[in-house]
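Close look at the chain arrangement
These are the residues of each chain, in order.
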Amino acid sequence: MAGYFLRRLVQSALILLGVSFITYFLLFILPADPVRQIAGRAATAETVANIREQLGLDQPFLVQYSRYLAGLFQGDLGRSFLQRTEVSTLIGARLPATLQLMAAGIATELVLGLSMGVAAALTRGKALDNFLMITSFVTVSAPQFVVSLLLLYVFAVKLGWFPIGGYGTFAHIVLPALTLGLLGSGWYSRMMRSSMVEVLRTDYIRTARAKGLTRARVILRHALPNAILPVIAMIGIDIGIFMGGIVVVESVFGWPGIGQLAWQAIQRVDIPIIMGVTLVSAAAIVIGNLLADLIAPFIDPRIKLR
Amino acid sequence: MTDATRQVEMAKPDSALRRLLQRKLAVFGLVLIGLVLLGAIFAPWIAPYDPAEQHFDGLTLEGAPLPPGGVYILGTDLLGRDLFTRILYGAQTSLIIGVAANGLSLIIGTLVGITAGFFRGWIGTVLMRFTDLMMAFPALLLAICLAAIFTPSLWIVAMVIALVNWVQTARVIYTETSSLAERDFIAAERILGASTGRILFRHILPHLVPTIIVWGTLGISTTVLLEATLSFLGVGVQPPTPSWGNIIFENQTYFQAAPWLVFIPGAAVLLLALAFNLVGDALRDVLDPLQRGRD
């Protein structure tokens, strides 16, 4: 177990190293010049050259990258080109908002997805099951920005129940969390349905029924706990999907998280911030996958970690 | 009819098609795809106006866009252009990118997966470690970043999408290939002296066709959504070329007063993505018994 954990940890670190290399390389070869952004259009060639030298951007790729990497090992993500602030400070300030949204979004999608999946499994082949499965297809196919704008239009503009955007109170988080929750619920409801259907077929459920337990008791005490665990284990993998999608939802709702930070940085070619957010997101994905693998044997003792 | 002959029966492509057509949702999806395809191909003839024409009577006296229902069936946009016309031309963009990007990512994914699955050893290890690496990338963030920095043309958008999207296919094809490579009939071919190329193309690839079809169909849905998202953020297909995503991008500031400019193209994206998802899912069910029945 300890050996396995250690090996996976090393593996994860290597993956992050690879992500940092590829991202840095892509940003290096792309035809966007951060110096132009900083200096402005009117700058003389001399000013441009000066700034380039100051930022070390006149160095060859490997020198720049190894310098970045050296900083990274000391927990230094560099400074923003435009704001001259530490990237770690900027991300640190934004991360709580993103984590809040993520927690609220995951909670919403679990509540929606799991209950829809259970309802579908219990009414297998009937109208409700069909309806719920079609719903899950629709949520999986819906673009995030359309759902965001739809909720915004109906509940904020027309009904005025929630603020149009921003951050601060509970009312602010409802619509963005609902967007993420609705979109993610489709996957969970399909997984929950098939997991539940499988459990309902097992011998121990037949035994529980044969003992004369009520249907409610069989479902709540025997079927549900067993069916729900493999689905819960998917949360780790879900984090990756979340990290990708956060940019759109944060930009539509004006949510001050790292997705918005990244989007602003991308528009201004602020390379240290783009690097920082990419690495933080990749780390979240890697940790999520690691957690999913580590939880698996606790949920199903037949799975052995190798 | 015995089970064995039934399996053989199902392996025929026309019977797979028949089984597909028995599913209501799949038929619904196919009809939707057909409609969008017809709209895209015949856009120049169906569309009542030119997609770039800014109509003088396309705006109210105050300069606001016209709501759906008048002379302009779906209303007009902020510049007084006919929305229905732009939606039709936008279908071209969505389908071209959907098919091109997905085709490219399918090719990359299949090549990587088949190579890694068939040639174990260091080639396979290197390729699969690289795939793991790509899995850890926040795909949408990467795509936005790439698209924002290039000034994207249609084909660059397609390429960016393909570059972040091949990973899933590679993993599925890898798993399938490595289990196929262990089968007796492949070992038999080797003993008979078949070349690696012959084994790969005559014996492995045909068995992967159902998987490629399923993932190819589901993948179009992903690429359509990704294109719309990039264009919505303003880093995808650039105006004046209409795309469902950039119609929303252009008109977003006015969306409280003119919601149709957001929700009509939005519904179009949703329906097209839904259609490919429905067909892909049905194909998986239809082709799956064929996979289990092979040998």
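Cut-offs applied
- Residues numbered from 1 in each chain as written.
- Chains lettered and ligands numbered in written order.
- Predicted model: local features only at pLDDT ≥ 70, side-chain atom pairs only at ≥ 80, totals over all residues.
- Contact = placed C-beta atoms within 7 Å.
- Helix = DSSP H or I, 4+ residues; strand = E, 2+ residues; numbered from the N terminus.
- Nonpolar A, V, L, I, M, F, W, Y, C, P; charged D, E, K, R; others polar.
- Domains from an automatic or database assignment.
- Axes fitted to C-alpha atoms, helices over the stretch in contact; angles between N-to-C directions.
- Parallel < 35°, antiparallel > 145°, perpendicular 65-115°, else oblique.
- Left-handed = near helix turned anticlockwise from the far one by under 90°.
- Expected span 1.5 Å × (residues − 1).
- Buried ≥ 20, exposed ≤ 12 C-beta atoms within 10 Å, placed from the backbone.
- Arc of directions from axis to C-beta.

**Let's talk about the interface of chain A and chain B**
Between chain A and chain B, the residue contacts involve 34 residues of the former and 31 residues of the latter. Considering each element in turn, the side of chain A that touches chain B owes the most residues, seven residues, to helix α7 (residues 144-158) of chain A. Residue composition of the side of chain A that touches chain B, by class: 26 nonpolar, eight polar and no charged.

**Looking at the domain arrangement of chain A**
How big an interface is tends to be reported as the loss of accessible area on association of its parts. All names here are of chain A. What the domain assignment reports for chain A is domain 1 (2-73) and domain 2 (96-202 + 229-299). Averaged C-alpha coordinates put domain 1 and domain 2 at centres separated by 31 Å. Facing twelve residues of domain 1, the contacting portion of domain 2 comprises 13 residues. Among the elements of the structure, α1 (2-29) and α2 (34-39) are those that each provide at least two residues to the side of domain 1 that touches domain 2. No other element matches α1, which puts nine residues into the side of domain 1 that touches domain 2. Its residues assigned to classes, the side of domain 1 that touches domain 2 comprises seven nonpolar, four polar and one charged.

**Regarding the packing of helix α3 (residues 24-41) of chain B against helix α5 (residues 83-118) of chain B**
Residues and elements named next belong to chain B. Their axes nearest at 8 Å, the elements α3 and α5 cross at an angle of 110°. Taken together, the axes of α3 and α5 are roughly perpendicular relative to one another. The element α3 and its partner α5 pack so that their crossing is left-handed. Counting all contacts with α3, which are made through Val-36, Leu-37, Gly-39 and Ala-40, the residues of α5 involved are Leu-88, Ala-91, Gln-92 and Leu-95.

**Let's talk about α3 of chain B**
Residues and elements named next belong to chain B. The end-to-end C-alpha distance of α3 is 26 Å, a good match for the 26 Å that 18 residues give at a rise of 1.5 Å each. Along α3, the residues that are buried comprise Ala-26, Gly-29, Val-36 and Gly-39. One side of α3 carries all its buried residues, which in axial view fall inside an arc of 155°. In this structure, α3 carries Lys-24, Val-31 and Gly-34 as exposed residues pointing more than 90 degrees from its buried face.

**Here we look at the packing of helix α12 (residues 258-267) of chain A against helix α13 (residues 271-299) of chain A**
All names here are of chain A. Between α12 and α13, whose axes approach to 9 Å, the crossing angle comes to 145°. The element α12 and its partner α13 pack so that their crossing is left-handed. Contacts between α12 and α13 involve Ile-258, Leu-261, Ala-262, Ala-265 and Ile-266 from the first element and Ile-273, Ile-274, Val-277 and Val-280 from the second. Taken together, the residues of the contact of α12 with α13 sort by class into nine nonpolar, no polar and no charged.

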